[in-house]
Amino acid sequence: MEADLEWDDLRSFLAIAREGTLSAAARRLGVRQSTMGRRLAALEAKAGVRLLDRTPRGLRLTAAGEAARAEVERMEHAAQAAERAVSGRDVRLEGTVRLTTVSDFAPSVLVTALAKLATRYPGIVVELIADDRTLSLAAREADLAIRLARPRGKSLRGRRAGVVSFGLYASAGYLAAHSAPALPGSQGEGHRLILSRDETGVYAEIDALTEMAPKAAVALRTDSRAAQLAAARAGLGIAVLGHHVVAGEGLIRLDSPPLPVREIWLVQHEDTRDVPRIRAVADALAAAMHAAAPLFAGNDPARSDNPAAAGGLGGP
């Protein structure tokens, strides 16, 4: 390929090749679809060869496109390594730190930690990306991640920051309308459950509920934790929710056997482990998670939605 090709055109081509459509690639890079189309046309004109063919299922790489993709990916990896090397030597306690976390993870805990951080280091700006997608730390889509599983990958460095525990929750209205005994003694007979759509074992805590209540009916399936919370609050059924999620929501916690827990991990790429601003954000978050341990465990004394408050709703 010619040496005068623009990197923006090459990066756009790579996004299109990965996403399969101009619109999806445009969303990934945060530009207009027309811009993606213009960049692809410019790249193909300079290269003098068609790189992608239009098909009913989207854009598909030609033979020349496959060869070009391999070369551009090597360029991308080199650029990312250079960027990490440069940022790894950044000793300033100022600048932007991109933090990614699942969309419903403890907003009050995070915001409190970031408020304290801003007071101590006003030059650090945190860009919070609340998204259920797993963003790439190697590709610098984020600098720091909060994940509810141990990180995988030789280039990732993780710090265990706590544990999230779960419980069974329902609204007072739902429990008043369902006179059947609560779980687990009844095997869920006469009850309705709020479950996830994913049945691959990703949500072990929800799988535990279905095993505990094989006779229960399904009221709703959704992978959105926010929707599960809203459904429980509306009286649709019994849901498995993190104790920290239901704080102040007025739900009643049912007595039940212990459910699987999730570990909280702060993760970053090894090339940025010594960047002061990223380390400062990680330290602030770790301290906040440690302080919030009673909330995550469901033992916060300030809360009333504990098993004792459920008025004997558990089985015998």
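Please refer to the structure placed before this passage.
Everything numeric here is computed off the predicted structure, so don't read it as measured data. (Residues numbered from 1 in each chain as written. Predicted model: local features only at pLDDT ≥ 70, side-chain atom pairs only at ≥ 80, totals over all residues. Heavy atoms only, no water.)

K.L.:
Would you take a moment to explain the packing of helix 1 (residues 7-19) against helix 2 (residues 22-29) for this structure?
P.N.:
Two quantities define a packed helix pair, namely the angle between the helix axes and the distance between the axes. Running from N to C, helix 1 and helix 2 cross one another at 125 degrees; their axes reach a closest spacing of 8 Å. As summarised for this structure, helix 1 and helix 2 are arranged oblique, according to the angle between their axes. The crossing of helix 1 and helix 2 is right-handed. Contact with helix 1, carried on its side by Arg 11, Ser 12, Ala 15, Ile 16 and Glu 19, involves Leu 22, Ala 24, Ala 25, Arg 28 and Leu 29 of helix 2 and no other residues of that element. When grouped by side-chain class, the residues that make up the contact of helix 1 with helix 2 number 6 nonpolar, 1 polar and 3 charged. (Axes fitted to C-alpha atoms, helices over the stretch in contact; angles between N-to-C directions. Helix = DSSP H or I, 4+ residues; strand = E, 2+ residues; numbered from the N terminus. Parallel < 35°, antiparallel > 145°, perpendicular 65-115°, else oblique. Left-handed = near helix turned anticlockwise from the far one by under 90°. Contact = heavy atoms within 4.5 Å. Nonpolar A, V, L, I, M, F, W, Y, C, P; charged D, E, K, R; others polar.)

K.L.:
Please clarify how the side chain of Glu 205 should be interpreted in this entry.
P.N.:
Mapped onto the elements, Glu 205 comes out in helix 7 (residues 204-212). Within the structure, the side chain of Glu 205 is placed 3.3 Å from the side chain of Arg 262, a separation counted as a polar contact. (Polar contact = N/O pair within 3.5 Å; in protein donor to acceptor, adjacent residues only side chain to side chain.)

K.L.:
What is the right way to read the packing of helix 2 against helix 3 (residues 33-47) from this model?
P.N.:
Relative orientation of the contacting elements helix 2 and helix 3 amounts to 105 degrees, with a least axis distance of 8 Å. The angle between the axes of helix 2 and helix 3 places the two elements in the roughly perpendicular class. Seen from helix 2, the contacting residues are Leu 22, Ser 23, Ala 25, Ala 26 and Leu 29; seen from helix 3, they are Gln 33, Met 36 and Gly 37.

K.L.:
So what exactly am I meant to see when it comes to helix 5 (residues 107-120) here?
P.N.:
Residue pairs spaced three or four apart in an α-helix point in one direction, given the helix's 3.6 residues per turn. Compared with the 20 Å implied by 1.5 Å per residue over 14 residues, the 20 Å span of helix 5 between its first and last C-alpha is a close match. Considered for burial, the residues of helix 5 that qualify are Val 109, Leu 110, Ala 113, Leu 114 and Leu 117. Down the axis of helix 5, the smallest arc covering the buried residues is 125 degrees, so these residues share one side. When the buried face of helix 5 is taken as reference, the exposed residues oriented beyond 90 degrees from it are Pro 107, Val 111, Lys 116 and Thr 119. (Expected span 1.5 Å × (residues − 1). Buried < 20%, exposed > 50% of the residue type's maximum accessible area, 1.4 Å probe, protein only. Arc of directions from axis to C-beta.)

K.L.:
Is there a simple way to think about the pattern of salt bridges in this case?
P.N.:
Between side chains of opposite charge, pairing is possible as soon as their charged atoms come close. Scanning all chains against the criterion turns up 14 salt bridges. Across the pair Asp 8 and Arg 11 runs a salt bridge whose closest N-O atoms are separated by 4.0 Å. Taken as a pair, Asp 8 and Arg 11 lie in helix 1 at a separation of 3 residues, close to a single helical turn. Judged by relative accessible area, which is 38%, Asp 8 ranks as partly exposed. Arg 11 sits in the partly exposed class, given a relative accessible area of 35%. It is possible to trace a salt-bridge network through shared partners that takes in Arg 18, Arg 69 and Glu 73. (Salt bridge = Lys/Arg side-chain N within 4 Å of Asp/Glu carboxyl O.)

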